[in-house]
Amino acid sequence: MSARTAVAAVSPRLPLRTRLVMFTRLLAIQASWNYELMLGPGLGFCIEPALRLLPGGRGGAAYREALARQSRYFNAQPYFAAVAVGALARAELDGHPPEQIERFRTAMCGPLGSLGDRLVWAGWLPFSALLALLAFGLRADAPLVVLVFLVVYNAGHLALRIWGLRAGWEGGLRVASSLGGPLLRRGPAVLSRAVMALAGMALPLAIWRVLRGLPVPPVPESEMVRAVGGVAIASAMLMAAILGAVLVRLHSRVEGWRVALVVLAVLIIYSVAR
Amino acid sequence: MMPELLSLLPVAIVGAVLGLDVVSFPQAMISRPIVAATLGGALAGDITSGLVAGAVLELIALEMLPVGASRYPEWGTASVVGGAMAAEFYALPGAAVVAIFASIATAWAGGWSMYGLRRLNGVWVRRELGMLEEGRPGTVTALQLRGLTADLARGFLLTLIALLVWLPFAAWVLSHWSLGRTPSHVVLAAVAAAVAGSAAWRISQGVSMARWYFLGGLVAGIAILVLRR
């Protein structure tokens, strides 16, 4: 009996300890990220605990074949890679043919990358950051602002990784249907609108707090009044609107942080030289 | 010199841990500026200055999406440096401007250091390619651990070097600073808000009604501001 035929008889149950180890390893999936195999070695690292359940155990022929296959080139958004980890671990333990597993692996890269980028990097992350900035603008203390960000962001982050691993394992090679759910389909657009509303609300409040919050040491009352006065806030918002419009017009030709670096460098030189 | 270096070590260790969070482990975003700069400020003795610097940096960092193979500024270590500097010089009028400038420049250098780390990981992977193809147990684990260790060292060294470069620079610049606090902060806040606003605008491209949501939020924000004053 070949290794792969024997594999087909393996039960699809994954012990809790193995799941926990796989989940912990998922947090370090990008530790050896490189331009050659990208996430490949990380993916192999995360699936490896499940592969120990293959006939022959750790170091057996089935284990080595599967580990070599799973450590090749792979790329996806790191949180959504949990779906691939679960699905590929299930496919290996179910004993699917290597060619089928490799085709599936290749096909997963695109959807797990683009969905994750839109939902997490362009959605959940700015949403959580703007929520924290809104708390900052509403005069929350430092620990509360930090807590708002970390709790909100990581509630989504950890839930996504846990769901991904479970959905991947339960769906196996048919996991694509889990990615078509309403939450994942409509989520990015809903989050984009929420990000815009939060950005509109947080920006004037954050500007105000920055203007008010920086003169921490004893400052003459008159200067404090001027610092938080309507003229200062209006000037900042007008400058922000003009510069923001320029940045939007220059979309993809210039990055905002570079512009900020140049403006601040000019300000420093002016202030020192005059 | 030695005691000065020792006093920087706690900040450098925090920089190393937060630098690791950016990509390698656990990506829980404790490396975001609003968290990292606040921690840096707390370590340097003034958590509020760190928070304000973190908010400004967070506004600027909003536009960067840490997408796959792209090279982007590394805000984790940079924000620790910025927060610590803002707290260290908090009594001086231009402190925030100089701290944010140093932080952005460090983030830029940090982006290049991450590029270098990824190249180094590639060298190690190529060296182990034969063993990876054989599916040898332990090879992927060794690669992951090597990557984690190198990233930790990268964050530590970057934070330490940045502090050694920027602290004397800030001391010199701030001793010659002539602008008042208010105009400096107006420019700083305006630049940060412009970058954040344009970032939100870009994110919403192709989403119907998104710009109306922004305007609605803006009206609400200004209303809160006016009512509260």
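Conventions adopted
Residues numbered from 1 in each chain as written. Chains lettered and ligands numbered in written order. Predicted model: local features only at pLDDT ≥ 70, side-chain atom pairs only at ≥ 80, totals over all residues. Helix = DSSP H or I, 4+ residues; strand = E, 2+ residues; numbered from the N terminus. Contact = placed C-beta atoms within 7 Å. Buried ≥ 20, exposed ≤ 12 C-beta atoms within 10 Å, placed from the backbone. Axes fitted to C-alpha atoms, helices over the stretch in contact; angles between N-to-C directions. Parallel < 35°, antiparallel > 145°, perpendicular 65-115°, else oblique. Left-handed = near helix turned anticlockwise from the far one by under 90°. Nonpolar A, V, L, I, M, F, W, Y, C, P; charged D, E, K, R; others polar. pLDDT = per-residue confidence, 0-100. Expected span 1.5 Å × (residues − 1).

Even after reading the chapter, I still don't get the overall build of chain B, so can you show me in this structure?
Counting its regular elements, chain B contains nine helices and zero strands. If you list the helices and strands of chain B from N to C, you get α-α-α-α-α-α-α-α-α. Projected onto its principal axes, the C-alpha coordinates of chain B cover approximately 70 × 55 × 25 Å.

Please explain the overall build of chain A as it appears in this structure.
The helix and strand tally for chain A stands at eleven helices and zero strands. Counted from the first residue to the last, chain A has its helices and strands arranged as α-α-α-α-α-α-α-α-α-α-α. Considering only contacts within chain A whose residues lie at least 6 apart along the sequence, 74% involve residues at least 24 apart.

Whenever I open this one, unusual backbone geometry confuses me. Can you help?
Peptide bonds are trans in most cases, and residues, glycine excluded, mostly fall at negative phi. The amide bond that connects Phe25 of chain B to the next residue, Pro26 of chain B, takes the cis arrangement and shows omega of -10°. When you line up the elements, Pro26 of chain B lands in the loop between helix H1 (2-23) and helix H2 (33-44). A positive phi is found at Arg139 of chain A, a non-glycine position, where the angle reads about 70°. Notably, Met29 of chain B is not glycine yet its phi reads approximately 65°, a positive angle. Mapped onto the secondary structure, Met29 of chain B falls in the loop between H1 and H2. Judged by the 24 C-beta atoms lying within 10 Å of it, Met29 of chain B falls in the buried class.

Could you clarify how one ought to interpret the packing of helix H3 (residues 40-51) of chain A against helix H5 (residues 81-94) of chain A in this entry?
How two helices sit against one another is set out by the angle between their axes and by the gap between those axes. All names here are of chain A. Where H3 contacts H5, the axes come no closer than 9 Å and their chain directions differ by 40°. As summarised for this structure, H3 and H5 are arranged oblique, according to the angle between their axes. Of the two elements, H3 crosses H5, and the hand of that crossing is right-handed. Every residue of H5 that contacts H3 at Leu43, Cys46, Ile47, Ala50 and Leu51 is listed here: Ala81, Ala84, Val85, Leu88, Ala89, Glu92 and Leu93.

Sorry if this is basic, but what is going on with the interface of chain A and chain B here?
Every contact between the two is made by 94 residues of chain A and, on the other side, 102 residues of chain B. Residue assignment for the side of chain A that touches chain B shows that the elements contributing at least two residues are H3, helix H4 (61-70), helix H6 (98-137), helix H7 (142-171), helix H8 (182-213), helix H9 (221-227), helix H10 (230-249) and helix H11 (256-273) of chain A. Considering each element in turn, the side of chain A that touches chain B owes the most residues, 21 residues, to H8 of chain A. Along the lines of polarity and charge, the residues of the side of chain A that touches chain B split into 63 nonpolar, 19 polar and twelve charged.

I would appreciate a short explanation of the confidence of the model for chain B in the present structure.
Note that predicted coordinates carrying low pLDDT should not be read in detail. Considering every residue of chain B, the mean pLDDT works out to 93; 98% of them sit at 70 or more. The ipTM, which scores confidence in the relative placement of chains, is 0.96 for this predicted complex, and the corresponding pTM is 0.93.

How do you make sense of the environment of Ala129 of chain A when you look at a structure like this?
Assignment of secondary structure puts Ala129 of chain A in helix H6. The class of Ala129 of chain A is buried, set by 28 C-beta atoms lying within 10 Å. For the pair formed by Ala129 of chain A and Leu173 of chain A, sequence separation is 44 residues and the distance between their alpha carbons is 35 Å. Here Ala129 of chain A is in contact with Phe149 of chain A together with Arg32, Ile34, Glu58 and Leu62 of chain B, once residues within four sequence places are set aside.

Just checking my understanding: could you explain the environment of Phe149 of chain A for this structure?
Structurally, the position occupied by Phe149 of chain A is in helix H7. On the neighbour-count criterion, Phe149 of chain A (27 C-beta atoms within 10 Å) is buried. Setting aside residues up to four positions removed in sequence, Phe149 of chain A forms contacts with Ser128, Ala129 and Ala132 of chain A together with Arg32, Ile34 and Val35 of chain B.

Sorry if this is basic, but what is going on with helix H3 (residues 47-61) of chain B here?
Residue pairs spaced three or four apart in an α-helix point in one direction, given the helix's 3.6 residues per turn. Between its terminal C-alpha atoms H3 of chain B stretches 20 Å, which fits the 21 Å expected from 15 residues at 1.5 Å a residue. Counted residue by residue, H3 of chain B has 14 buried out of 15 residues, so it is predominantly covered.

What should I look at first to understand the environment of Leu53 of chain A in this one?
All names here are of chain A. By the element assignment, Leu53 lies in the loop between H3 and H4. Given 20 C-beta atoms within a 10 Å radius, Leu53 is considered buried. Separated by 113 residues in the primary sequence, Leu53 and Arg166 have C-alpha atoms spaced 18 Å apart.

Help me understand the packing of helix H2 (residues 16-26) of chain A against H3 of chain A, please; the structure alone is not making it clear to me.
Residues and elements named next belong to chain A. In the contact formed by H2 and H3, the axes pass within 8 Å of each other and the chain directions differ by 175°. Judged on the interaxial angle alone, H3 and H2 are roughly antiparallel. Note on element contacts: H3 touches H2 through Phe45, Cys46, Pro49 and Ala50, opposite Thr18, Val21, Met22, Arg25 and Leu26. Of the residues belonging to the contact of H2 with H3, the class tally is seven nonpolar, one polar and one charged.

Sorry, what's going on with the confidence of the model for chain A here?
Residue and element names in this part refer to chain A. In this model, chain A carries a mean pLDDT of 89, and residues with pLDDT of at least 70 account for 89%. Segment residues 5-11: pLDDT under 50, and 13 contacts once partners within four positions in sequence are set aside and those in other chains are kept. Counted against residues more than four places away or in other chains, residues 215-222, with its pLDDT under 50, gives ten contacts.

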